[in-house]
Amino acid sequence: MSISDARLAQFGARFAELEARLASGTLDSEAFVAASRDYAEIEPVARAAADIAAMRGELATLQQLDDPDPEMRAMAAEEVARLKAELPEAERRLAIAMLPRDAADVRPAMLEIRAGTGGDEAALFAADLYRMYEKYAAEQGWRIEMVSANASDVGGFKEVVANINGSGVFAKLKFESGVHRVQRVPVTESGGRIHTSAATVAVLPEPTEVDVQIDDKDLKIDIYRASGAGGQHVNTTDSAVRITHLPSGLVVICQDERSQHKNKAKAMQVLRARLYEKMRDEAQGAEAEARKAMVGSGDRSERIRTYNFPQGRVTDHRINLTLHRLPEILEGPGLGELVDALIAEDEAKRLAAMDG
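These remarks concern the structure in this document. Everything quoted here is computed from the prediction, not taken from an experiment. (Residues numbered from 1 in each chain as written. Predicted model: local features only at pLDDT ≥ 70, side-chain atom pairs only at ≥ 80, totals over all residues. Heavy atoms only, no water.)

**A few points about the side chain of Asp222**
Now for step 1: Mapped onto the fold, Asp222 is located in strand β6 (residues 219-224).
Now for step 2: In this structure Asp222 comes out as buried when scored by relative accessible area, which is 18%.
Now for step 3: Polar side-chain contacts of Asp222 include one of 3.0 Å to the side chain of Lys220.
Now for step 4: Excluding its chain neighbours within four sequence positions, the residues that come into contact with Asp222 are Ala240, Val241 and Arg242. (Helix = DSSP H or I, 4+ residues; strand = E, 2+ residues; numbered from the N terminus. Buried < 20%, exposed > 50% of the residue type's maximum accessible area, 1.4 Å probe, protein only. Polar contact = N/O pair within 3.5 Å; in protein donor to acceptor, adjacent residues only side chain to side chain. Contact = heavy atoms within 4.5 Å.)

**Observations concerning the environment of Lys135**
Now for step 1: Mapped onto the fold, Lys135 is located in helix α4 (residues 119-140).
Now for step 2: Residues Lys135 and Gly332, 197 residues apart in the sequence, show an inter-C-alpha distance of 4.9 Å.

**So, the sheet that holds strand β5 (residues 195-205)**
Now for step 1: Taken in spatial order, the eight strands line up as β2-β3-β1-β5-β4-β9-β10-β11 in an open sheet, and their pairing is mixed. Looking at which strands have only one partner, the edges of the open sheet turn out to be β2 (143-151) and β11 (321-323). Direction aside, the axes of adjacent strands within the sheet are offset by 15 degrees on average.
Now for step 2: The pairing of strand β1 (residues 109-115) with strand β3 (residues 157-165) spans six bridges and is antiparallel. Pairing of Met110 across the sheet is with Asn163, part of β3. (Pairing = 2+ DSSP bridges. Axes fitted to C-alpha atoms, helices over the stretch in contact; angles between N-to-C directions.)

**Brief notes about the nonpolar core**
Now for step 1: With 35 residues, the main nonpolar core has Ile113, Leu129, Tyr133 and Tyr307 as its most contacted residues.
Now for step 2: Those elements that place two or more of their residues in this core are β1, α4, β3, α5 (169-173), β5, α8 (326-330) and α9 (335-355).
Now for step 3: Ranked by residues supplied to this core, first place goes to α4 with nine residues.
Now for step 4: Those residues in contact with Ile113, other than ones at most four positions away along the chain, are Ala126, Leu129, Tyr130, Tyr133, Lys158, Glu159, Val160, Ala199, Thr200 and Val201.
Now for step 5: If you look at the next biggest cluster of nonpolar residues, it comprises 19 residues, including Val161, Val241, Val270 and Leu275. (Core = buried A, V, L, I, M, F, W, Y, C linked by side-chain atoms within 4.5 Å.)

Below, the structure written as structure tokens:
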């Protein structure tokens with residue numbers, strides 16, 4: 001994809017204008033937030049455009065060079081060859097930066113993990129996945145906060161919900177939604193047989209109250225006494241909250257906090273995220289088939305990845321990528337390679353669709 005010099009200059013001018021506005025000190029808080037958002041969106045495009053403009057300028061200068069010194073001409077020829085080889089990749093980076101972005105990419109995210117088939121082993125695997133994302137979030141400089149958890153008797157999670165705050169959280173984690181399968185020998189298995197279990201992961205962009213407005217009359221709120229795993233640690237006050245959104249039928253339960261008000265606030269946070277995702281799914285319904293042709297639809301019923309403990313490997317089935325680094329991936333740092341590969345594959349397919 002070749003872009004004209006005039007178009008490159010437009011990116012630079014727009015970027016410089018936003019820099020000047022942000023540095024002026026004349027913007028009110030609302031205008032500053034809007035300008036900051038525009039700046040963040042155009043910065044990677046402007047940087048890539050500036051790189052191409054500089055390379056094209058240097059190439060034009062070298063091609064016009066008429067030096068009598070043979071050694072200088074040879075050096076210039078080498079530089080011309082290098083720039084011609086590097087320009088296509090630079091133009092590809094710009095094309096990727098110009099791809100339409102999901103408006104939710106910059107959002108924090110709500111992470112939901114549920115144990116699937118496999119009983120206690122599935123619950124233990126759900127806990128392993130939560131720790132993996134917790135460590136990856138720490139490596140990225142994000143803040144993760146558990147919103148609610150339903151612990152199993154063996155120390156895993158039947159369900160765990162967490163909020164992840166930071167820069168570009170949803171953009172990096174949105175391809176994690178789906179069924180994660182594990183193959184290993186459970187600690188309770190005396191015969192050494194490998195079992196297959198599963199957990200589902202859902203990553204939802206977190207909306208603001210402006211994005212999703214919920215009318216109180218559409219809510220049925222039940223307050224009751226919370227209890228821990230196996231009916232133990234019963235609270236002495238009615239602090240657990242169950243919120244039913246009547247129009248959609250969505251139900252959210254939160255009982256982790258001792259305060260009824262805190263549980264209600266967290267439950268509303270989860271409800272808002274689920275309603276926002278429902279709205280997004282409905283709005284993108286016409287594009288559903290196109291999205292499935294990319295890396296994945298994000299459907300939590302789609303099997304996306306297998307963690308095989310005996311062979312120490314992780315396979316992402318959407319991009320046919322296998323890494324024999326299972327411990328490193330579960331510890332967080334290795335997950336970045338899978339995340340980056342999924343993003344790169346999605347970008348490549350979207351570029352190909354645009355060229356086609």
